[in-house]
Amino acid sequence: GAVVSQHPSRVICKSGTSVKIECRSLDFQATTMFWYRQFPKQSLMLMATSNEGSKATYEQGVEKDKFLINHASLTLSTLTVTSAHPEDSSFYICSADRTGVDEQFFGPGTRLTVL
Amino acid sequence: DAKTTQPPSMDCAEGRAANLPCNHSTISGNEYVYWYRQIHSQGPQYIIHGLKNNETNEMASLIITEDRKSSTLILPHATLRDTAVYYCIVSSGGGADGLTFGKGTHLIIQP
């Protein structure tokens, strides 16, 4: 099966710093990747769609200048949380679309804690 | 807003069939019904999907009503490892569209 990894799995940072999260498709190429956020005891919320070689598409209410997305290759998308604050503490999950397969493949998630 | 409605929680005895209902009365003709599950603190896992016909794979069966306004996910022999939040999602994009997750059903398998 298709595998998606995320790095790091867990990160703790100070308020005001920036944090980069990587999402990799390990055994397939992904033209499109997605970033979701999940607060405790809540469901996943789509943040943005990441397209290889073009700008990401952000969902309403998600600040594109705060959550920078780069999809520079067919196997890697990165999410950078800039000037992180405690309210950005959350579980960030990516997923990837594999051409010809009617499902999304999710990464294991990254737990971000901002102190 | 999510286009599906699911019970917030369900219990099922280990070894029994778990039947998880989902209402999607506003589903469009080109939308599929997808089921994913999320075990605590992990990324979601695909289970099954269907358009009109009932579907079965190694994990589960999906029963879709004739009017397509509701469906049921069946785990034939539930085990403790099936304890998770199960999400029913309607989508026309296959893997190519971002998914709208509702609140899901927290299925607890009891020993």
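It should be emphasised that the depicted structure is a prediction, and the values quoted were computed from it without experimental measurement.

Engineer: Describe the overall build of chain B, naming the residues involved and giving the relevant values.
Structural biologist: Counting its secondary structure elements, chain B contains 0 helices and 9 strands. Secondary structure elements in chain B, listed N-terminal to C-terminal, are β-β-β-β-β-β-β-β-β. Here the C-alpha atoms of chain B give a radius of gyration of 13 Å, agreeing with the 13 Å that 2.2 N^0.38 yields for 111 residues. Once the C-alpha set of chain B is aligned to its principal axes, its extents read approximately 40 × 30 × 25 Å. Residue burial in chain B is summarised as follows: out of 111 residues, 46% are buried. Pairs at least 24 apart in sequence give 56% of the contacts found in chain B among residues at least 6 apart. Accessible area for chain B stands at about 5600 Å²; split by element, carbon and sulfur atoms hold 47% of it. Put simply, chain B has 8 plus and 10 minus side-chain charges, and the middle of one group is 2 Å from the middle of the other.

Engineer: Hey, could you go over the pattern of salt bridges for me, with residue numbers and the actual values?
Structural biologist: In the structure shown here, the tally under the stated rule is 5 salt bridges over all chains. Residue D65 of chain A is joined to K64 of chain A by a salt bridge in which the shortest nitrogen-to-oxygen separation is 3.8 Å. Since its relative accessible area comes to 59%, D65 of chain A is described here as exposed. Among the ionic pairs, K3 of chain B bridges to E31 of chain B, the shortest N-O distance being 2.4 Å. One end of the pair, K3 of chain B, is in the segment before β1 (9-13); the other, E31 of chain B, is in the loop between β2 (18-23) and β3 (32-38), and 28 residues separate them in sequence. Classification of K3 of chain B as partly exposed rests on a relative accessible area of 40%.

Engineer: Break down the side chain of T80 of chain A for me, citing the residues and quoting the values.
Structural biologist: Residues and elements named next belong to chain A. One can find T80 in strand β8 (residues 76-81). T80 gets classed as buried once you look at its relative accessible area, which sits at 17%. Leave out the neighbours within four places in its chain, and T80 touches S18, V19, K20, K66, F67 and L68.

Calculation criteria
- Residues numbered from 1 in each chain as written.
- Chains lettered and ligands numbered in written order.
- Predicted model: local features only at pLDDT ≥ 70, side-chain atom pairs only at ≥ 80, totals over all residues.
- Heavy atoms only, no water.
- Helix = DSSP H or I, 4+ residues; strand = E, 2+ residues; numbered from the N terminus.
- Rg over C-alpha atoms; globule rule 2.2 N^0.38 Å.
- Buried < 20%, exposed > 50% of the residue type's maximum accessible area, 1.4 Å probe, protein only.
- Contact = heavy atoms within 4.5 Å.
- Areas by Shrake-Rupley, 256 points an atom, 1.4 Å probe, with all protein chains shown as cover.
- Lys, Arg positive; Asp, Glu negative; His and termini not counted.
- Charge placed at Lys NZ, Arg CZ, Asp CG, Glu CD.
- Salt bridge = Lys/Arg side-chain N within 4 Å of Asp/Glu carboxyl O.

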